[in-house]
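# Notes for the structure review
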Amino acid sequence: MLAIETIGLTKYYNRGKIKALQDFSLQVDTGKIFSLLGPNGAGKTTLIKALIGIIQPTRGNAMILGQSFQDYKVHKKIGYLAENHRFPDFLTARQVLYYYGKMSGVAGADLSVQIPGLLKKVNLQDWMDTKIRKYSKGMMQRMGLAHALINNPDLLFLDEPTDGIDPVGRREIRDLLKELRNEGKTIFLNSHLLSEVERVSDEIAIMKQGKLLQKGQLEDFLSVKEQYQLQLKGDSTLIDQTFKSANISADFNVNLFTIKVQDHQELNILIDALREQSIDILAVIPKKISLEDFFIEVLDENEVKPA
Amino acid sequence: MAIVQLTFRESLAKKTFMGFLAISTFICLLFIFALNLDIVDGAQSSISLFGLEAPELVELNKIILGVEAGVAILLFTGGIFMSLFATSNLIPALLQPGFIDLFISKPVSRTEIIAGRFIGSLAIVAFNIFYLIVFTFLIMSLKTGIWNWGFLLAGLMILITFSALFALMTLLGVISGSGPFSLMLTYLILFFSPLLLQRDQIYALLNARIYGYILDGLYYLLPKTAELGKITEELVRGIGVYNWMPIWSAVLFGIMTFILSTYIFHQKDF
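Each chain has its residues counted from 1, running along the sequence as written. Chains carry letters from A onward and ligands carry numbers from 1 onward, assigned in written order. Per-residue local features of the predicted model are confined to residues with pLDDT of at least 70, and side-chain atom pairs are confined, for both listing and counting, to 80 or more; whole-chain, interface and lining totals are unaffected and use all residues. By convention in this description, side-chain values take in all heavy atoms of the structure and omit both hydrogens and water.

All names here are of chain B. For S193, the position within the fold is in helix α8 (residues 179–197). Looking at S193, its side chain comes within polar contact range of the main-chain nitrogen of T225, at 2.9 Å. Here a residue-residue contact requires only that any non-hydrogen atoms of the pair lie within 4.5 Å. Every residue in contact with S193, bar those within four places of it in the chain, is listed here: P223, K224, T225 and A226. Only DSSP runs of H or I with at least four residues qualify as helices, and only runs of E with at least two residues qualify as strands; both kinds are numbered from the N terminus onward. Think of a polar contact as two N or O atoms within 3.5 Å of one another; within protein, one of them needs to be a possible hydrogen donor and the other a possible acceptor, and neighboring residues in sequence only count if both atoms come from side chains.

In structure tokens:
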């Protein structure tokens, strides 16, 4: 069973003049952290809202955890952190989780037990009985995250979960997301913070103007095929000669040699040659690009040039 | 149920509920302490209000019915006016971005969301109305020994009238997202109703028949608040309902308007 499957999901506004989603088809496996990236106005939030039923798609279909997305009962298994979520500010954190937990179908007795633990998870245990109108933006985000977890969902939709949170808090949230993923939950994440996405995601998709551009494992996108960085210790002349004799060119930057080989076999031959010359190999690192570089590269490739 | 409870909490937080309760309690206290009735041999021998004695002795029954009818009319007009004002923003507030998203993300249908809000609002108003009606009834009945059960029916009539008007306000709130706009239009209906009742006299001023048909259409479509008020007073005075049409048409109007609100709410994007 897939966590999310969309089939030709389309959303137009203003009689078709604004194409927020265009035949968007996507599959997300369960038990992963999946991140959806895109520039402003790409349709990321529109997609989440369409899946949850906050907006009505123009056409297309979708399944969430094997059930039709139009069946509101599937919401028993999902949690949602909206980008600009708002709670009644006259309530305390405990009361917010109580009322919204009841709406999620959680029994009152279970809520009394769960709420303190949940607030502790997001580091709001000391503010449990304070009215949320006194909360900072970062605290409101944590509150939103706790709310999204109140019904112990199988699938979490998080729209900009680390927005307004300090670096320490962001790390805590990353750790929490990984913990949830390890428990078997699926996390569908929208975020502009590519550095955060890079640290936490298993799979990503990139969209622009309502269309899916790329989708796949993060690791595969960021690895530059057959390029490696070598950290070596030894006579520099000997090192140069070894590269030349192996017919491999190397760029030296800081204390790393960057090489490009045809395949693993060529790499192993080079390593053997270096070892024969008693050159110490301190590290062999597959070359990666940053997610930001990859993201911009994909957007540039798909740039629609004016006629 | 959680949505109903949340609506109650919101009303408490906005002090509207407490304001209502305070006014109702004040009126009850007025009847307890300011109204004095001396009964001798089953007949009223003197009556005073704030220590001022009435100049004539009149039949006790008529006084009690009069006072209760007065309270009922006061509640009908003033109470409905204030109740609409106090609840005018409850539906638009529900539809705020970021707020409604979280409701829709729950395993509750859109019908349950809007119905929960509607019922919560009705419950707040009903509590306040019946708080005043029941306590006034008990105070007056215990003081005088006259138990006028028709007075309790006034509460029901006021609630029916409020429900019909609140259903309209819900529809306008769902369409416009504006509390003040929906309140203004609902007040217009509330105060336009007595004019529609006198439409026979207006016909003579109209220069085309079509306007007459429009007035007739509006009369039959909209809640007949003037007549409902009259029925309320007559119920309290023990006369009974002379014409059921205003009641069932108000109920029908409320139901149809609420169904329309629900339909529009279902179609909306947030």
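Now that the structure is up, let's keep going.
Attention shifts here to the pattern of salt bridges. Residues and elements named next belong to chain A. One speaks of a salt bridge when a side-chain nitrogen belonging to Lys or Arg is within 4 Å of a carboxyl oxygen belonging to Asp or Glu. In total, this model carries 15 salt bridges over all chains according to the counting rule given. For E196, the salt bridge identified is with R170, shortest N-O distance 3.7 Å. Of this pair, E196 sits in helix α6 (residues 194–200) while R170 is found in helix α5 (residues 167–182), placing the two residues 26 residues apart along the sequence. Three exposure classes are used, based on accessible area relative to the maximum for each residue type with a 1.4 Å probe and protein chains only: buried under 20%, partly exposed in between, and exposed over 50%. R170 gets classed as partly exposed once you look at its relative accessible area, which sits at 22%. In this structure, the salt-bridge partner of R181 is D202, at a minimum N-O distance of 2.8 Å.

This part covers helix α10 (residues 291–301) of chain A. Within α10 of chain A, the full set of buried residues consists of L291, F294, F295, V298 and L299 of chain A. For α10 of chain A, the buried positions fall inside an angular range of 130° around the axis, keeping them on one side. Throughout, the arc means the angular range of directions from the helix axis out to the C-beta atoms.

Now for the packing of helix α6 (residues 110–144) of chain B against helix α7 (residues 150–176) of chain B. Residue and element names in this part refer to chain B. The angle between two axes is taken between their N-to-C directions and runs from 0 to 180 degrees, where each axis is a line fitted to C-alpha atoms and a helix contributes only its stretch in contact. At their nearest, the axes of α6 and α7 sit 10 Å apart, and the two run at 155° to each other. Our classification of the angle between α6 and α7 gives roughly antiparallel. Here the hand of the crossing between α6 and α7 comes out right-handed. Under the grouping applied here, Gly and all other residues not named as nonpolar or charged are polar, the nonpolar ones being Ala, Val, Leu, Ile, Met, Phe, Trp, Tyr, Cys and Pro and the charged ones Asp, Glu, Lys and Arg. Counted by class, the contact of α6 with α7 contains 20 nonpolar, five polar and no charged residues. Our angle categories are set so that under 35 degrees counts as roughly parallel, over 145 as roughly antiparallel, 65 to 115 as roughly perpendicular, and the remainder as oblique. Note: crossing handedness is left-handed where the near helix turns anticlockwise from the far helix by less than a right angle, and right-handed where it turns clockwise.

Here the focus is the pairing of strand β4 (residues 59–64) of chain A. Residue and element names in this part refer to chain A. Any two strands are treated as partners once DSSP identifies two or more bridges connecting them. Pairing analysis gives five bridges linking strand β1 (residues 4–13) to β4, with the strands arranged antiparallel. Looking at β4, one finds that I7 is bridged to N61. Alignment of β4 against strand β5 (residues 67–68), held across two bridges, turns out to be antiparallel. Following the sheet pairing, M63 is matched in β5 by S68. The loop that links β4 with its antiparallel partner β5 comprises two residues; one of these, L65, has a positive phi angle of about 50°.

Glancing now at the sheet that holds β5 of chain A. Residue and element names in this part refer to chain A. What the four strands build is an open sheet, ordered β2-β1-β4-β5; its pairing is antiparallel. If you trace the sheet from one side to the other, it starts and ends with β2 (18–28) and β5, each paired once. In this structure, β1 lies alongside β2, joined through seven bridges in antiparallel fashion. Directly across from E5, in β2, lies its bridge partner Q27. The strands touched by helix α1 (residues 44–52) are β1, β2 and β4; relative to β1, the strand with the most contacts, the crossing angle is about 110°.

On to the domain arrangement of chain A. Residue ranges for the domains trace back to a domain assignment, done automatically or taken from a database. With domains assigned, chain A is organised as domain 1 (2–209) and domain 2 (221–288). Each of domain 1 of chain A and domain 2 of chain A has a C-alpha centre, and these two points are 44 Å apart.

All right, on to the interface of chain A and chain B then. With 29 residues of chain A at the contact, the number on the chain B side is 27 residues. Here chain A and chain B share an interface that buries about 2,500 Å² over both sides, 63% of which is from carbon and sulfur atoms. A 1.4 Å probe defines the accessible area here, and the buried area is the portion of it lost by two parts on being joined, summed over both. Broken down residue by residue, the surface that chain A buries against chain B is led by R86, Y99 and M103 of chain A, which jointly contribute 28%. Summed over the shared surface of chain A and chain B, the result is two salt bridges. With its nearest N and O atoms 3.6 Å apart, the salt bridge here joins K49 of chain A to D101 of chain B.

Attention now goes to the environment of G229 of chain B. Residue and element names in this part refer to chain B. Within the secondary structure layout, G229 lies in helix α11 (residues 225–236). The buried category is assigned to G229, whose relative accessible area is 8%. Counting along the chain gives 75 residues from G229 to A154, while the straight-line C-alpha distance between them is 9.2 Å. In contact with G229, not counting residues within four places along its chain, are I73 and F76.

A few words on the pairing of strand β3 (residues 33–37) of chain A. All names here are of chain A. The buried fraction of β3 amounts to five of the five residues, a majority that puts the element mostly inside the structure. What you see with β3 is no split at all: I33, S35 and L37 on one side and F34 and L36 on the other are buried throughout. As judged from the four bridges shared by β3 and strand β8 (residues 186–190), these two strands associate in the parallel manner. In the strand pairing of β8, L36 is matched with N190.

Residues and elements named next belong to chain B. One less than the number of residues in a helix, times 1.5 Å, gives the span that helix is expected to have. The end-to-end C-alpha distance of α11 is 17 Å, a good match for the 16 Å that 12 residues give at a rise of 1.5 Å each. Where burial is concerned, most of α11 is hidden: 10 out of the 12 residues are buried. Among all positions of α11, only T225, E227, L228, G229, I231, T232, E233, E234, L235 and V236 are buried. Following α11 by one or two positions, G238 adopts a phi angle in the positive range, close to 85°.

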